[in-house]
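# Summary of structural features
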2 protein chains.
Amino acid sequence: MALIVQKYGGTSVGSLDRIRNVAARIKRTRDEGNQVIAVVSAMGGVTDSLIKMAADLSANPSERELDVLLSTGEQQSIALVAMALHEIGVDAISVTGRQAGIQTTGSHTRGRILEMNPEFMQQMLADGKTLICAGFQGTTREGMIQTLGRGGSDLTAIAVAASVKADVCQILTDVDGVFTCDPRVVSNARKLPEISYDEMLEMASSGTKVMQSRSVEFAKKYGVVFEVRSSLNDNPGTLVLEEHPNMENVVIRGVSLERSQARITLTGIPDQPGMSGRILVALAEAEINLDMILSNIAHDGLARHSFTVNSNDLGRAQVALKSVLDVMAPDAKIETEAGIAKLSAVGIGMRSHSGVAATMFKALGDAGINIGMISTSEIKIAVTVDETRIEEAARAVHAAFGLDKAPA
Amino acid sequence: MALIVQKYGGTSVGSLDRIRNVAARIKRTRDEGNQVIAVVSAMGGVTDSLIKMAADLSANPSERELDVLLSTGEQQSIALVAMALHEIGVDAISVTGRQAGIQTTGSHTRGRILEMNPEFMQQMLADGKTLICAGFQGTTREGMIQTLGRGGSDLTAIAVAASVKADVCQILTDVDGVFTCDPRVVSNARKLPEISYDEMLEMASSGTKVMQSRSVEFAKKYGVVFEVRSSLNDNPGTLVLEEHPNMENVVIRGVSLERSQARITLTGIPDQPGMSGRILVALAEAEINLDMILSNIAHDGLARHSFTVNSNDLGRAQVALKSVLDVMAPDAKIETEAGIAKLSAVGIGMRSHSGVAATMFKALGDAGINIGMISTSEIKIAVTVDETRIEEAARAVHAAFGLDKAPA
């Protein structure tokens, strides 16, 4: 008998019929001889309609009260799923975030998990019950309701799995798993049987939108092996786990692409200590996320900084930069280029194999695709290309690393 | 500075505009120099739509899960009212049933309040906050969410008022207060400035539908003076409080009427110990509430029992009685009469004034109205009359006791 944590998202519980389907799947898992804790999100649409009410009352609603309001969505789901399970003969019980012992800290609407106290869940499991646990929320040490922000239900599932020492944690979603590349772009992309936490993190931060990075980080920190799989079929998904030696036989695990990027280049910046810091702080205060950051010194002794931002942030970034440069470096120039995309090749095999960058650049060159910026980490090589060429680029690099073929 | 508890029902918070109105009223009370704790119900319609979802999933949904589901309605209201208050500059904070320290016991969906721990509320009051507290719910000692059943938000308001030793507890509703009789029946009925707990209890149990008896009982037990008043205007309402000597100057405080009653009479019951008990148990097991109960022994030594039930229960009552009498008293007869109504005159002054029953019966006789059953308590005389004559009867008795005139 295995103890399995399953996470169902808002689409999976989006109607009463879908709730019945979720109940049937939980029962099937149970009937196969397992103990089950299902972590569920709010019914699709419920959270949005609650947010709409709050927005109607206030342009800037209190985050504490938003948490009180939004957490009701999952509380409704757990009760409804439990009722659907009772109806098919499963002894289920709903568990709120507080009852699950999820103690949170930090800001309202984006809490962090501080501590887990699974005592109640363990007692219910010992009583033979199937547990339906509210995703996305916990309570602070002071007893305040706090939600966990985007991807919060994934995080709940992984934290619950860690706290009860589950054998398996399944993140059930609308894709079949993690692929070598987006199958809508590369038709012969393969579903990966497994991927390491670090590779998953690099892919998440370079455009692969299966899971939020912090859920993966949490899983890595607590050693929770989880599986991303479809809620619509019974196909095995992708296991996400700590790397093991065999994994390095594959040079590149996958290729991610991220569109709607823009490059900002600042030239003529005096090369003085603290200058870059002040520029980055100005952007951070404007809540602009930078991605690739490159800096060097030109022959005239002036610094040159380039970075990529999301196209949507380009206007705000220019405003923020202008106000800081006007004071600090009136002679500096701001150049921008929108319409670019980022292609990343990710794999822990990169550490022990050489020539990876050469293979990637040759493939892009052979396809006649110009490379803009380049940035690397220990297990990733990322380049920018013209956005109109990103799909070609992905196919070329995917083929160059033989990702369409299963590894030997 | 007074500490005021205000209770707003589901109609009062039934839309975002009404929530803004409630917020404005709370602010006004606050601006008059008071501290406020507002107890609010779920937005009108929310509870019904949640019940509908549960009913769709199960003909007999788990009561524990119903509590988890239904308690979200009030949790949404408190967050929204708090947001509306922030928007008009009031430092408000929502308080769930658990945070309010409402510890409950008993069955799910009809919990009883076991204990109050107002520590968090007191701390928030000391911090100068206006508190918006969820009605209708608390948590058990084991941390399970439990709702308080019908009228649960009134009960919450009174329990909160008791626990924080509020100066005033206002039950804001859609009527202006408690009247000498239903103004739709007796056009010159007067709003009572005050009424004793016991009178309010007798009136609640004899058809005056302002509040559930158990909220009044709770208030009596803990000595909470509360005021029933309109949420739509600023008129003073009716104070409900422990009786004081002046109150006995009024013989009859008010007249209640209750329609849709039916009489059941059992004749030919052997006069043996335990016989009545078994009949009453059979009716109780069928969940039929008896109201007036009369018994006596006929000249043939056989017992005769009469009681009133709600017309809707008449069929089920007959089935339950038949099955018990078939075994115990095969010669007994069941007679029924539907289409009757009950008229009650209530007043603590009855204890010290004689001739009350005579005045009432004479008034009815003068109006040519026949009296069916009669039952009395220390502070109530109730009679049944033909349902078609109940309004005339109410007007006759109301006039006979001079209830249209303010007492000297």
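Residues numbered from 1 in each chain as written. Chains lettered and ligands numbered in written order. Predicted model: local features only at pLDDT ≥ 70, side-chain atom pairs only at ≥ 80, totals over all residues.

This next bit is on the overall build of chain A. A count of helical and extended segments in chain A gives eleven helices and 18 strands. Taken against the 2.2 N^0.38 rule, which gives 22 Å for 408 residues, the C-alpha radius of gyration of chain A at 24 Å falls within 12% of a compact globule. Structurally, chain A occupies a C-alpha span of about 75 × 55 × 35 Å along its principal axes. The buried share of chain A, reckoned over its 408 residues, is 49%. (Helix = DSSP H or I, 4+ residues; strand = E, 2+ residues; numbered from the N terminus. Rg over C-alpha atoms; globule rule 2.2 N^0.38 Å. Buried ≥ 20, exposed ≤ 12 C-beta atoms within 10 Å, placed from the backbone.)

Listed by partner, the interface residues are 26 residues for chain A and 26 residues for chain B. When residues of the side of chain A that touches chain B are traced back to their parent elements, those giving at least two are α2 (46-57) and α3 (63-87) of chain A. At 14 residues, α3 of chain A tops the list of elements feeding residues into the side of chain A that touches chain B. A per-class count over the side of chain A that touches chain B returns 14 nonpolar, nine polar and three charged. (Contact = placed C-beta atoms within 7 Å. Nonpolar A, V, L, I, M, F, W, Y, C, P; charged D, E, K, R; others polar.)

Further remarks concern the packing of helix α5 (residues 152-163) of chain B against helix α7 (residues 213-222) of chain B. All names here are of chain B. Packing of α5 against α7 brings their axes to within 9 Å, and their N-to-C directions diverge by 10°. Here α7 runs roughly parallel to α5, going by the angle between their axes. Together, Asp-154, Leu-155, Ile-158, Ala-159 and Ala-162 of α5 and Arg-214, Ser-215, Phe-218, Ala-219 and Tyr-222 of α7 make up the contact between the two elements. Residues belonging to the contact of α5 with α7 are distributed by class as follows: seven nonpolar, one polar and two charged. (Axes fitted to C-alpha atoms, helices over the stretch in contact; angles between N-to-C directions. Parallel < 35°, antiparallel > 145°, perpendicular 65-115°, else oblique.)

A few words on the pairing of strand β1 (residues 3-8) of chain A. Residues and elements named next belong to chain A. Taken across its six residues, β1 has five buried, putting it largely inside the fold. Pairing of β1 with strand β2 (residues 35-40) involves six bridges; the strand directions are parallel. The residue bridging Gln-6 from the neighbouring strand is Ala-38, located in β2. Between the parallel pair β1 and β2, the chain is carried across by helix α1 (residues 16-31), and the sense of this crossover is right-handed. By the bridge criterion, five bridges tie β1 to strand β9 (residues 168-173) in an arrangement that is parallel. For Lys-7, the partnering residue across the bridge sits in β9 and is Ile-171. (Pairing = 2+ DSSP bridges. Right-handed = clockwise from strand over helix to strand, strands pointing away.)

Generally speaking, a soluble globular protein has its nonpolar side chains buried in company with each other. Ranked by internal contacts, the top residues of the largest apolar core, which has 243 residues, are Val-81 of chain A together with Val-81 of chain B. Ranked by residue count, the leading element in this core is α3 of chain A, at twelve residues. Excluding residues within four positions of it along the chain, Val-81 of chain B makes contact with Val-13, Ile-19, Val-22, Ala-23, Ala-38, Val-40 and Ile-132 of chain B. (Core = buried A, V, L, I, M, F, W, Y, C linked by C-beta atoms within 7 Å.)

This part is about helix α2 (residues 46-57) of chain B. Between its first and last C-alpha atoms α2 of chain B spans 17 Å; for twelve residues at 1.5 Å apiece the expected length is 16 Å, and the two agree. The secondary structure elements touched by the buried residues of α2 of chain B are α1 and α3 of chain A together with α3 (63-87) of chain B. (Expected span 1.5 Å × (residues − 1).)

This part covers the environment of Ala-262 of chain A. All names here are of chain A. With respect to the helices and strands, Ala-262 occurs in strand β13 (residues 254-270). By C-beta crowding, Ala-262 is classed as buried, having 22 other C-beta atoms within 10 Å. Contacts of Ala-262, omitting those with residues within four sequence positions, involve Thr-308, Val-309, Ser-311, Leu-314, Thr-336, Glu-337, Ala-338 and Ile-340.

Before going further, it helps to spend a moment on the confidence of the model for chain A. Caution applies to low-pLDDT parts of the model: their predicted coordinates are not meant to be read in detail. In the predicted model, chain A carries a mean pLDDT of 94, and 100% of its residues have values of at least 70. Under the prediction, the complex receives an ipTM of 0.88, its pTM being 0.88. (pLDDT = per-residue confidence, 0-100.)

Here the focus is the relation of the copies chain A and chain B. For the pair of chain copies, the relating transformation is a rotation about an axis with a translation along it. Superposing chain A onto chain B requires a rotation of 180° together with a translation of 0.0 Å along the rotation axis, leaving an RMSD of 0.1 Å. Here the two chains are linked by the operation of a two-fold rotation axis. Residues of chain A ranked by C-alpha distance from the rotation axis are headed by Thr-72 of chain A, positioned 2.7 Å from it. By residue overlap, the copies meet face to face through one surface: 100% of the interface positions of chain A are interface positions in chain B. (Least-squares fit on C-alpha atoms with pLDDT ≥ 70 in both.)

Each assigned domain of chain A is listed with its residue range as follows: domain 1 (3-173) and domain 2 (255-400). Computed from C-alpha coordinates alone, the two centres of domain 1 of chain A and domain 2 of chain A are separated by 38 Å. (Domains from an automatic or database assignment.)

Turning to the sheet that holds strand β18 (residues 380-386) of chain A, a few remarks are in order. Hydrogen bonding along the main chain pairs the strands of a sheet, whether they run parallel or antiparallel. All names here are of chain A. One open sheet holds the six strands; their spatial order is β14-β15-β13-β16-β18-β17, and the pairing between them is antiparallel. Looking at strand neighbours, the two that pair on one side only are β14 (293-297) and β17 (374-377), the edges of this open sheet. For this sheet, the mean angle separating the axes of adjacent strands, direction not counted, is 30°. In this sheet, strand β15 (residues 302-310) lies alongside β13 in antiparallel orientation, the contact comprising eight bridges. If you follow Ile-269 over to β15, its bridge partner there is Ala-303. Where helix α6 (residues 197-204) meets the sheet, it contacts β13, β16 (333-346), β17 and β18, and its direction lies at approximately 145° from that of β16.

Turning our eyes to something else, we now look at unusual backbone geometry. Residues and elements named next belong to chain A. Even without a glycine there, the phi angle at Thr-109 is positive, about 70°. As for its position among the elements, Thr-109 is in the loop between β4 (102-105) and β5 (112-116). Its 18 C-beta neighbours within 10 Å are what place Thr-109 among the partly exposed residues.

On to helix α10 (residues 356-366) of chain B. All names here are of chain B. The set of residues buried in α10 consists of Val-356, Met-360 and Leu-364. Buried residues in α10, looked at end-on, bunch into an arc of 60°, giving them a common side. Along α10, the residues that are exposed and aim more than 90 degrees away from the buried face are Ala-358, Gly-365 and Asp-366. Those residues of α10 that are buried lie in contact with β16 (333-346), β18 (380-386) and α11 (390-400). Within two residues after α10, Gly-368 carries a phi angle of roughly 70°, on the positive side. (Arc of directions from axis to C-beta.)

All names here are of chain B. As summarised here, the arrangement of the eight strands in space is β3-β6-β2-β1-β9-β11-β12-β10, forming an open sheet in which the pairing is mixed. The open sheet is flanked by β3 (92-95) and β10 (194-196), the only strands paired with a single partner. This sheet shows a mean twist of 20° between the axes of neighbouring strands, independent of strand direction. Across three bridges, the pairing between β10 and strand β12 (residues 238-241) is parallel. Of the residues in β12, the one forming a bridge with Ile-195 is Val-240. Packing against the sheet, α5 makes contact with β1 (3-8), β2 (35-40), β6 (130-134), β9 (168-173) and β11 (226-230), and its axis sits at approximately 175° to β1.

On to the packing of helix α8 (residues 275-285) of chain B against helix α9 (residues 314-328) of chain B. Two measures define how a pair of helices packs: the angle their axes make with one another and the distance between the axes. Residues and elements named next belong to chain B. Close contact between α8 and α9 brings their axes to 9 Å; oriented N to C, the two are set at 145°. α8 and α9 meet at a crossing whose hand is right-handed. In contact with Met-275, Arg-278, Ile-279, Ala-282 and Leu-283 of α8, α9 contributes Ala-317, Ala-320, Leu-321, Val-324 and Met-328. Residues belonging to the contact of α8 with α9 are distributed by class as follows: nine nonpolar, no polar and one charged. (Left-handed = near helix turned anticlockwise from the far one by under 90°.)

Once that is clear, we can look at the environment of Gly-365 of chain A. Within the secondary structure, Gly-365 of chain A sits in helix α10 (residues 356-366). Separated by 31 residues in sequence, Gly-365 of chain A and Ala-396 of chain A have C-alpha atoms that sit 9.7 Å apart.

As a further point, take the pairing of β9 of chain A. Residue and element names in this part refer to chain A. Counting buried residues in β9 gives five out of six residues, a clear majority hidden from the surface. With five bridges connecting them, β9 and strand β11 (residues 226-230) associate as parallel partners. For Gln-170, the partnering residue across the bridge sits in β11 and is Glu-227.

This paragraph deals with the environment of Glu-217 of chain B. All names here are of chain B. Among the secondary structure elements, Glu-217 is positioned in helix α7. Since 16 C-beta atoms lie within 10 Å of it, Glu-217 is described here as partly exposed. Considering only alpha carbons, one finds Glu-217 and Tyr-197, 20 residues apart in sequence, at a separation of 7.4 Å.

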